[in-house]
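One-letter residues, chain by chain:
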Amino acid sequence: MIVKRIHSLLPCGGELTTEALKNNSISFEIFRQRQRQTMGRQVRRALVLGGKAEMDVQPVECMFKRRDKVHHKVATKPSIEQTTEILLHLSPDEAANLKEGINFLRNKKTGKDYILYKNKSRLRACKNMCKHQGGLFIKDIEDFDGRSVRCTKHNWKLDVSSMKYINPPGSFCQDELVVEMDEGNGLLLLELNPPNPWDSEPRSPEDLAYGEVQVTYLTHACMDLKLGDKRMVFDPWLTGPAFARGWWLLHEPPSDWLERLCRADLIYISHMHSDHLSYPTLKKLAGRRPDIPIYVGNTERPVFWNLNQSGVQLTNIKVVPFGIWQQVDKNLRFMILMDGVHPEMDTCIIVEYKGHKILNTVDCTRPNGGRLPGKVALMMSDFAGGASGFPMTFSGGKFTEEWKAQFIKTERRKLLNYKARLVKDLQPRIYCPFAGYFVESHPSDKYIKETNIKNDPNELNNLIKKNSDVVTWTPRPGATLDLGRMLKDPTDSKGIIEPPEGTKIYKDSWDFGPYLKILNASIEDEIFRHSSWIKEYYTWAGFKDYNLVVRMIETDEDFSPFPGGYDYLVDFLDLSFPKERPSREHPYEEIRSRVDVIRHVVKNGLLWDDLYIGFQTRLQRDPDIYHHLFWNHFQIKLPLTPPNWKTFLVHCE
């Protein structure tokens, strides 16, 4: 069966038409060139059954020449090939019956869903999966042109005629599939799969001695790994708050946590969020071992972008490229991968010891674009949800307490199902839910604590057990998993050593004072005696030419206007600061922020995650649209150096 290309895999554009093929106006030589550039070397030999009719499995003959093999100097390193996977095969009748506009398709064999858009002879296709958080698209009843679909999770909208998201505007492009016609006028949906970087220089698993590989849970996303004679630590948040004052540790870390950090040979920090990059924790570590090697991925926004401003004296930060093995010793290596949704900041990691892989996806929404190694020895990921100000901090319109409670309940269930499905697909030997053990413990955040209900790790593990044979581990502080024992016999009573009887598991007190003192110091800072700080700050921030008007209100603990605080408008279309809302049509947001946190953020040029993820704001918006460009800028893209307030104050004199 000869395969003929009718659509190139081009991001957000590029079309080839069936009419052009019929008229032979596009030569097969051009197709051969594009195949060499994008398709890789081979089409997988087995068709995945799909569509409305059952079909026999048939071999697919690739009509394009193979490129020369890539030869590597390492003898054990095989040729790493790009492959093409057939996701769906429509019979000629099914292809002929495709309607104009949007077609929702399912592969009955795999249960996977797809969207195909037809405009006369032009075809475009994608997976039915929102790029934001993996939600399923359905028909958009507000779309009268028949071009958009709506995500069932957060109401994001995708224009499938252009493969661009229209809500939120200016956010993402959808990854497209290749649409091809076979010689019988059937249709194939193809996905181009790049080589898996972890398959380079493969190593066969060796037997592990008991105690040779041990994984000890400390808190939240922090794991202490003993790997032969080396020790590696993930994401040490072991003291103090995260996101200004919004998050506090749920679990009591082992009393020897600092000694454990100091013994580590290397530390991996996944991303810049303060529940993973904890400057209070690293400050204590730097006091003893400032030269400890700390590895981070080469993200667009550097993980340690604020190191100099933090005052923490760390001298051995190692930024490594993505998808390349980092050799620690002859038995140990690791590879950092980027997130498919937030590649500018989020990463995950594969650690391999004697051929046994440990996969830590951390907080990634779509780690490595959804392509991950299967059947690893141990997989760990987040599970809890609740790591956002939405919807608890929103009010007005649909945001009633009843609506928010139902939304949270539904979202948590979707997250559990998604994680369970991911584990089922990847089939790790052992799975551990982590990176979700935080609590909104400050008294002023009682409302958030009561409403921001998080998933129970045991509920997720029970769901996984129903659908697979994967062994699960719900960690407690100080508990240690012996990987060698567990791989040999998951029922071994010594496979997981729980902390000693009487060990304190949950924190019941937090030292708020020192951290609130730092925040409160910003309230009376000299900067804020001059109202011109507003223009100075937003000019520094650099966000403009966007039709959005925001009202910023400084508040007290209860989100009532702070006496003597600022209440002002920012028109981001021309970066002006009007006294009243402009007469033109414009989206509007009102953001109330606790005065200590907003002034601390402004003074130090920090990202707005401290406000939004830290639950230190209350928001209203009209219309109810998420302005991705605005929030993405203030949460990720602010300048790397803070405003020059010294110069500002000089000019104010």
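Every residue gets a number counted from 1 within its own chain, in the order that chain's sequence is written. For a predicted model such as this one, the threshold for reporting local features is a pLDDT of at least 70, and the threshold for listing and counting side-chain atom pairs is 80 or more; totals across whole chains, interfaces and linings nevertheless cover every residue. The basis for every side-chain value is the complete set of non-hydrogen atoms in the structure, without hydrogens or water.

Identification of the protein chain as Cytidine monophosphate-N-acetylneuraminic acid hydroxylase from Equus caballus is taken from an unreviewed UniProt entry. UniProt positions are given in the numbering used here, feature names are shortened, and annotations may be inferred rather than shown by experiment. Its UniProt record gives the protein chain a comment under Sequence similarities (unreviewed entry), which states: "Belongs to the CMP-Neu5Ac hydroxylase family." Taken directly from UniProt, the Subcellular location (unreviewed entry) text for the protein chain runs: "Cytoplasm".

Turning next to helix H16 (residues 645–652). Each α-helix turn comprises 3.6 residues. Residues three or four places apart therefore point the same way. Looking only at H16, the buried set comprises Trp-645, Phe-648 and Leu-649. The buried side chains of H16 occupy one side of the element, clustering within an arc of 95 degrees when seen end-on. Structural note: H16 exposes Lys-646, Val-650 and His-651 on the side pointing more than 90 degrees away from its buried face. Where H16 is buried, its residues touch helix H12 (533–541) and helix H13 (595–604). Accessibility here uses a 1.4 Å probe with only protein chains present; expressed as a share of the type maximum, an area under 20% marks a residue as buried, one over 50% as exposed, and anything in between as partly exposed. Helix and strand definitions follow DSSP, with helices as H or I runs of at least four residues and strands as E runs of at least two, each counted in order from the N terminus. Directions are taken from the helix axis to each C-beta atom, and the arc is the one they span. Between two residues, a contact is recorded if the distance between any of their heavy atoms is within 4.5 Å.

Moving on, we come to the packing of helix H11 (residues 513–521) against H13. Every angle, taken between N-to-C directions, lies between 0 and 180 degrees, and every axis is a line fitted to C-alpha atoms, over only the stretch in contact when it is a helix. One can describe the packing of H11 onto H13 by two numbers: an axis separation of 7 Å at closest approach and a directional angle of 70 degrees. Of the possible angle classes, the one that applies to H11 and H13 is roughly perpendicular. Helix-helix and strand crossings are classified by hand; for H11 and H13 the assignment is left-handed. Contact with H11, carried on its side by Ile-518, Leu-519 and Asn-520, involves Asp-596, Val-597 and His-600 of H13 and no other residues of that element. In this scheme, roughly parallel covers angles under 35 degrees and roughly antiparallel covers those over 145, while 65 to 115 is roughly perpendicular and the rest are oblique. By convention the crossing between two helices is left-handed if the near helix lies anticlockwise of the far one by an angle smaller than a right angle, and right-handed if it lies clockwise.

For the rest of this paragraph, the subject is the confidence of the model for the protein chain. Known as pLDDT, the predictor's per-residue confidence is scaled from 0 to 100. When pLDDT is averaged along the protein chain, the result is 88; 88% of the residues meet or exceed 70. Scored below 50 in pLDDT, residues 1–79 makes 177 contacts in the model with residues more than four places away or belonging to other chains.

Attention shifts here to the sheet that holds strand S21 (residues 332–338). The pairing criterion for strands is at least two bridges between them, as found by DSSP. Spatial ordering of the open sheet is given by S20-S21-S22-S23-S24-S25-S27, a layout of 7 strands whose pairing is mixed. Each having just a single partner strand, strand S20 (326–327) and strand S27 (471–472) make up the two edges of the open sheet. Contacts from helix H7 (residues 401–426) reach strand S23 (356–360), strand S24 (378–381) and strand S25 (430–433), with the element oriented near 160 degrees to S24. Set on the sheet, helix H9 (residues 457–467) makes contact with S25 and S27; between it and S25 the angle comes to about 155 degrees.

The next subject is the packing of aromatic side chains. Within 6.5 Å between ring centres, the rings of Phe, Tyr and Trp (the latter by its six-membered ring) count as paired, and their orientation is classed by plane angle as stacked under 30 degrees, edge-to-face over 60, tilted in between. In total, this model carries 44 aromatic pairs according to the counting rule given. Aromatic side chains Trp-533 and Tyr-566 sit 5.5 Å apart centroid to centroid with 85 degrees between the ring planes, which places their arrangement in the edge-to-face category. In this pair, Trp-533 is assigned in helix H12 and Tyr-566 in the loop between strand S30 (549–555) and strand S31 (567–571), connecting sequence segments 33 residues apart. There is no split in this pair, since Trp-533 and Tyr-566 are both buried. Consider the rings of Phe-543 and Tyr-546, whose centres lie 5.6 Å apart with planes at 50 degrees: the pair is tilted. For Phe-543, a relative accessible area of 7% translates into the label buried. Under the relative-accessibility criterion, Tyr-546 is labelled buried at 12%. Counting as a charge over the ring demands two things of the Lys NZ or Arg CZ atom: a distance within 6 Å of the ring centre and an angle within 35 degrees of the ring normal. The cationic tip of Arg-301 hangs over the ring face of Trp-305; the distance from NZ or CZ to the ring centre is 4.2 Å. Cation over ring: Lys-454 sits above Phe-438, and NZ or CZ is 4.8 Å from the ring centre.

A two-sided burial pattern is seen for S25, the buried positions comprising Ile-430 and Cys-432 on one face and Tyr-431 and Pro-433 on the other. For the handedness criterion, the β-α-β arrangement of S24, H7 and S25 is classed as right-handed. Inspection of the sheet shows S25 paired to S27 by 2 bridges, in the parallel sense. What sits directly across from Tyr-431, in S27, is Thr-472. Crossovers are described as right-handed under a simple rule: with the strands pointing away from the observer, the path leading from the first strand over the helix to the second runs clockwise.

A separate point is the side chain of Asn-452. Looking at the element boundaries, Asn-452 is found in the loop between helix H8 (446–451) and H9. Nitrogen and oxygen atoms within 3.5 Å of one another constitute a polar contact, given that in protein one can donate a hydrogen and the other can accept it, and given that sequence-neighbouring residues count only through two side-chain atoms. Looking at Asn-452, its side chain comes within polar contact range of the side chain of Glu-440, at 2.8 Å. Once you skip the residues sitting within four places of it in the chain, Asn-452 turns out to touch Gly-386, Met-392, Arg-412, Glu-440 and Phe-615.

So, on to the nonpolar core. Counting 86 residues, the largest nonpolar core has Phe-304, Trp-533, Tyr-537, Tyr-538, Trp-608, Phe-630 and Phe-634 as its most contacted members. A per-element tally of this core places H12 first, with 6 residues. Nonpolar core, defined: a set of buried Ala, Val, Leu, Ile, Met, Phe, Trp, Tyr and Cys residues in which side-chain atoms within 4.5 Å join the residues together. Counting 59 residues, the second-largest nonpolar core is a separate cluster that includes Phe-334, Leu-426, Ile-430 and Ile-464.

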